[in-house]
Amino acid sequence: MTRRVLTTCLIAAAAAMPLRLSADSAPTPPAPDPAVLRAQAERVAAIAEASRATVAVLDATGAGGGSGVLISADGFALTNFHVVAEGGPAFKCGLNDGKLYDAVVVGIDPVGDVALIQLLGRNDFPVARISDSDLCEVGDWVFAAGNPFLLADDFTPSISYGLLSGVHRYQFPAGTLLEYTDCLQTDAAINPGNSGGPLFNAAGELIGVNGRASFEKRGRVNVGVGYAISINQAMRFVSHLKSGRIVDHATLGATVSTQSDGRVAVDEILETSDAFRRGLRYGDTIVRFAGRDIGAANALKNVLGVFPRGWRVPLVYRREGQTYEIDVRLPGAHDEAQLAAMIQSEQKPARPPEGDDRDPEGGEPKDGEPGEGGPQPGPQLPRGFHALKPKPKLPQDVADRYAERRGYANYWYNQQAQDSLWRRYLESSAIEGAGYAWRLSGKLETGDTFDFEIDDQRAELRLPWGRSGAVFAGDVSTQLSPPRSGGLLLAIHAWQRLVDRGLARFGEVYYLGQLPHGPDHLVEDCLVGLFEGMEVRFFFAERSGDLTGIELHSADDADPCEINFSEFRELNGRRLPHRWWVRSGDAVFAELVVDRWDIDADAQPPATED
Amino acid sequence: MPRSLHVSAHRRLALFASILAAFSLLGPSARAAEDASLHATIRQTQRRVVKIYGAGGVKGLEAYQTGILIAPEGRVLTTLSYVLDSDQLTVVLDDGAHYAAEVLGIDQVAELAVLKLPLAEGDSVPAFDLSDAVPAQVGDRVLALSNLYNIAGGDEPVSVLQGVVAAIAPLEARRGGYQSNYRGQVYVLDAAANNPGAAGGALVDWNGRLLGLLGKELKSRATGAWLHYALPIGEIAATVERLESGQSLDNAGELPPPVVGVTLADLGLVLVPNVLPRTPPYIDSVFPGSPAARAGLRADDLIVFVSGNPVASCQAVLEVVGRQERFDEVTISVLRGGEFHEASLLVDEELDDAESDGDAPVDETPSEDSADFGAADDASVELPTTSELADELQDADEPLNE
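Residues numbered from 1 in each chain as written. Chains lettered and ligands numbered in written order. Predicted model: local features only at pLDDT ≥ 70, side-chain atom pairs only at ≥ 80, totals over all residues. Heavy atoms only, no water.

This part is about the sheet that holds strand S8 (residues 159-170) of chain B. All names here are of chain B. Strand order in the closed barrel formed by 6 strands is S7-S8-S11-S15-S13-S12, and the pairing between neighbours is antiparallel. For this sheet the average axis-to-axis angle between neighbouring strands, irrespective of direction, equals 45 degrees. As defined by bridge partners, strand S12 (residues 202-205) adjoins strand S13 (residues 210-214) across 3 bridges and the pair is classed as antiparallel. Paired with Val-204 across the bridge in S13 is Leu-210. (Pairing = 2+ DSSP bridges. Helix = DSSP H or I, 4+ residues; strand = E, 2+ residues; numbered from the N terminus. Axes fitted to C-alpha atoms, helices over the stretch in contact; angles between N-to-C directions.)

Across the sheet, which stays open at both edges, the 4 strands sit in the order S19-S18-S20-S21 (chain B) with antiparallel pairing between neighbours. In the strand order of this sheet, the two ends are held by strand S19 (309-310) and strand S21 (339-345) of chain B, each with one partner.

What follows concerns the packing of aromatic side chains. Residue and element names in this part refer to chain A. Tallied over the full model, the rule gives 24 aromatic pairs over all chains. Geometrically, the ring pair formed by Phe-76 and Tyr-413 is edge-to-face, given 6.1 Å between the ring centres and 70 degrees between the ring planes. Taken as a pair, Phe-76 in strand S3 (residues 76-79) and Tyr-413 in helix H10 (residues 411-429) lie far apart in primary sequence, 337 residues in all. Of the residues examined, Tyr-413 reaches a relative accessible area of 5% and is grouped as buried. On the numbers, 4.8 Å between centres and 80 degrees between planes, the contact of Tyr-408 with Tyr-411 is edge-to-face. (Phe/Tyr/Trp six-rings, centres within 6.5 Å; stacked < 30°, edge-to-face > 60°. Buried < 20%, exposed > 50% of the residue type's maximum accessible area, 1.4 Å probe, protein only.)

This part covers the pattern of salt bridges. Residue and element names in this part refer to chain A. Counted by the stated rule, this structure contains 39 salt bridges over all chains. For Arg-129, the salt bridge is made with Glu-49, and the minimal N-O distance between the two is 2.8 Å. Here Glu-49 lies in helix H3 (residues 34-52) and Arg-129 lies in the loop between strand S6 (114-119) and strand S7 (141-146), a separation of 80 residues in the sequence. According to the relative accessible area criterion, Arg-129 is partly exposed, its value standing at 36%. For Glu-551, the salt bridge is made with Arg-329, and the minimal N-O distance between the two is 3.0 Å. Here the residue Glu-551 occupies a position in strand S26 (residues 547-553), and Arg-329 occupies one in strand S18 (residues 322-329), the gap between them amounting to 222 residues. The same class applies to Glu-551 and to Arg-329, which are both buried. Taken together, the shared-partner salt bridges in this structure form one network comprising Arg-312, Arg-329, Glu-535, Arg-537, Glu-551, Glu-562 and Arg-583. (Salt bridge = Lys/Arg side-chain N within 4 Å of Asp/Glu carboxyl O.)

Another point: the side chain of Gln514(A). All names here are of chain A. Residue placement: Gln-514 occurs in strand S23 (residues 508-517). A polar contact of 3.4 Å, which involves the side chain of Gln-514, links it to the side chain of Glu-542. Setting aside residues no more than four positions away along its own chain, Gln-514 makes contact with Ser-239, His-240, Trp-311, Val-523, Glu-524, Asp-525 and Glu-542. (Polar contact = N/O pair within 3.5 Å; in protein donor to acceptor, adjacent residues only side chain to side chain. Contact = heavy atoms within 4.5 Å.)

Quick look at the state of the cysteines now. Residue and element names in this part refer to chain A. Evaluation of the coordinates by the stated rule reveals 0 disulfides over all chains. Among the cysteines around Cys-561, which has no disulfide bond, Cys-526 carries the closest sulfur, lying 14 Å off. Judged by relative accessible area, Cys-561 falls into the buried class, the value being 0%. (Disulfide = S-S within 2.5 Å.)

Owing to its 3.6 residues per turn, the α-helix brings residues three or four apart onto one side. Turning to helix H7 (residues 297-304) of chain A, its buried residues number three or more, namely Ala297(A), Leu300(A), Asn302(A), Val303(A) and Leu304(A). The elements touched by buried residues of H7(A) are strand S8 (158-171), strand S9 (180-186), strand S13 (254-258), strand S14 (264-269), strand S15 (285-289) and strand S16 (292-293) of chain A.

A few words on the side chain of Ser133(A). In this structure, Ser133(A) sits in the loop between S6 and S7. Non-local contacts of Ser133(A), meaning those with residues more than four positions away in its chain, are made with Ile207(A), Ser230(A), Ile231(A) and Asn232(A).

The next point concerns the nonpolar core. All names here are of chain A. Core analysis: the biggest nonpolar cluster contains 115 residues, and Leu-78 and Leu-119 have the highest contact counts within it. Ignoring sequence-local partners within four residues, the contact set of Leu-119 consists of Val-55, Leu-70, Asp-74, Gly-75, Ala-77, Cys-93, Leu-95, Tyr-101, Asp-102, Ala-103 and Phe-125. Grouped together as the second largest cluster of nonpolar side chains are 54 residues, Ala-459, Val-476, Phe-506 and Phe-538 included. (Core = buried A, V, L, I, M, F, W, Y, C linked by side-chain atoms within 4.5 Å.)

With that settled, consider the pairing of strand S5 (residues 98-107) of chain B. All names here are of chain B. By the bridge criterion, 4 bridges tie strand S4 (residues 89-92) to S5 in an arrangement that is antiparallel. Across the sheet, the residue bridging to Leu-89 is Ala-101, located in S5. Where S4 folds back on S5, the antiparallel hairpin that results is connected by 5 residues, among which Gly-96 adopts a positive phi of roughly 95 degrees. By the bridge criterion, 5 bridges tie S5 to strand S6 (residues 112-116) in an arrangement that is antiparallel.

The structure is reproduced here in structure tokens:
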């Protein structure tokens, strides 16, 4: 242990050394090089700045907990799922200013061991500067900040310095959860209580969220091997976490193995997967995935784990000497019930659901089969994240921001996101009241003309190569015309329906988070509406509030109809897209440029005729 | 390790100067250059370190370790261990290439082995040159490269840890009933370099020059603390040269006698006379004032478990107790009048000077495989939240059954 104290911090050594020398009355030491002092000042400044954004996360009673890091001035902070898993929806969070804030759980990612919480009470929280963790290299100097062993009574984070020992590391899930893919490995001391806290580079920029360590036989303290979830992965999930949902990760729909000749080959593929529809087959060699060279089967697993369900990534494969590049839509790795079961297994099966003021020391029930013999029903259905928890009285500001709902960590945030997207869209587009009766005409990029007529019962599109129609009655999910569009007419109908009925009466609607869509893979906010067994995704631009895309997914195993809207122009006070890019599967179906757009509701004076 | 804290004023000056030089180098661009060269040094060194897979895989015995390439023709220096005790010894290079290796020579005292890779004629691999190895001094900044915990799968580069040489001292170490046969000088490191699988890794300076070979997982005989150390290349170069030429050193006779971990006398226990092939392990008597007496064990108690291992005979008790470490608690579970009692015993140690400098006891949390971890072997585990930790410590501190 004394050796530990002698430790690695150069600054400490450099600073201490002259003192010892003078104590020995050795020759007068040289004055420190200004560069050393400058480097020291820089490091002190980086640590001071980073400390301000570091959070001590305590459970509602102010007892055990972990760490976190603020990423926005309105109080959103990242931490580990396993830090929030056992608390209720409410937390107490301490900052470097010595103050304790109420906080509420926002969203959870149990597979990736990430959670988003929001600290309440300020709009000017200090925020960590976020780096690109893909630029990290082995040998970078880094420091961890957090509250190991709850040492800081005043919430001043403890800092430990070290080296990046490895990047793009893969750590198998603990049980079925908490898979660390593409993570950072460091020898900076990571101890219990550092969970969920930040890992910074030497410049004080956030590169990861600490959460795991190798311990084995030496007790649960640092042995020089800690792991952080890369900040790139965490930030990619933030919008999804802001949806308040229990977020899932992506899978490929195919498995691969490393062959004896070193190739990474597909050894199984689901015919219902997008990868299969894009052309990937058994035996193909995966060369690159999401921009990363794939040299071993594990490498694919590693890269795959950093994406939320529904993400789209480029994939390069080789077959018989030919190389192909495709874009693949990634399905979810788990279904809702699986996720819920996994979360319950992570939460201690501790306390029966009824009973409020429980002595915290009160008997931990014997380890038995959770869900058996108790008041809970047999097989656990997916429930609200905190369904098994007692319901202590929440602080008022937390209660105001918490809504329990099946499949969600906190439904309140989803409702907020839906409402805000929808309000902005209605404001910017003024599309309310546009009704179902539209007539459009215009040109294709070939110069040929098209005509499009739609009302609440039917639609017809006339193209140079033919006309096709759809009837919006009965089983509409069969009305996927025109052929090879994936359901263009129905997608427009869904849009009209959403505008006409609003979020409440469309069918089930929820905010998903941000996903890439359209020809340019723009990552934008996505509202999902379910109707008639189909899933319709509506994409909105963050700045303008415009509806920039629609995807109609008629079935899990079919290519959706993708529409991308652009060239927004004013028309009778409404802001409408005049270029419609339509694709299904590999081929662009058409690109429609609207010249004329008649909306019946606008043409007729209201309430005179029918 | 007396030398660790005694650095002459002269050495301090030198150390200070080297720290200045290493750290600052004038302004951000110079520091960026310094960083760049550290990155380059690490990358270059990683290519000379290999992962070795062989025997093991059972509880507490990892089936992997590390080695360093010491000849372009494909010779690997590593630690002699049970891992090499396999017909199918696989060596994985930095680029992911696999080779079935054969053992060229071993030295049982230095606990070293040299392996040979079947490279194709004319092929070569990046390698350290042992004759370029330099001696390290106390205070030198070092890098430890190894495949600790087998984190680096496939073609992933090995892990890198940093630290300083804290002391140069003779190795006095053991693990359970096994002690280190090597008794020469070692570099004692302040980095947690000697984790599972790290043995045989490289210790290099910041210029990538080879200093030593990372040692096994061992505890200090004096303090029971886990040691982090490396064998200086200078101490082993001569023997390595002989091993490379294919000579195994037949020096088993020079091995120091094995030591027994804990004895019943240490604990203050006497069992009934061991007269049957499976004499039930009843306690015959307990020395007054001994650890066993303090823990409440009594004559006529029937021992059923020792540190989690079922023991059905006096012989089994002797074996299991002998495998325990002197610095770990030995838990003994007994049946007394049909009731189950558990006691934790710690061997009394005469404190020597090493203890008086205030070392905190290491390794108070017992467990090798605490069930809470729920993780597969080799997998890292999520950090316990502090409340879990508090629970665990509380459990550990629980009073013994009376």
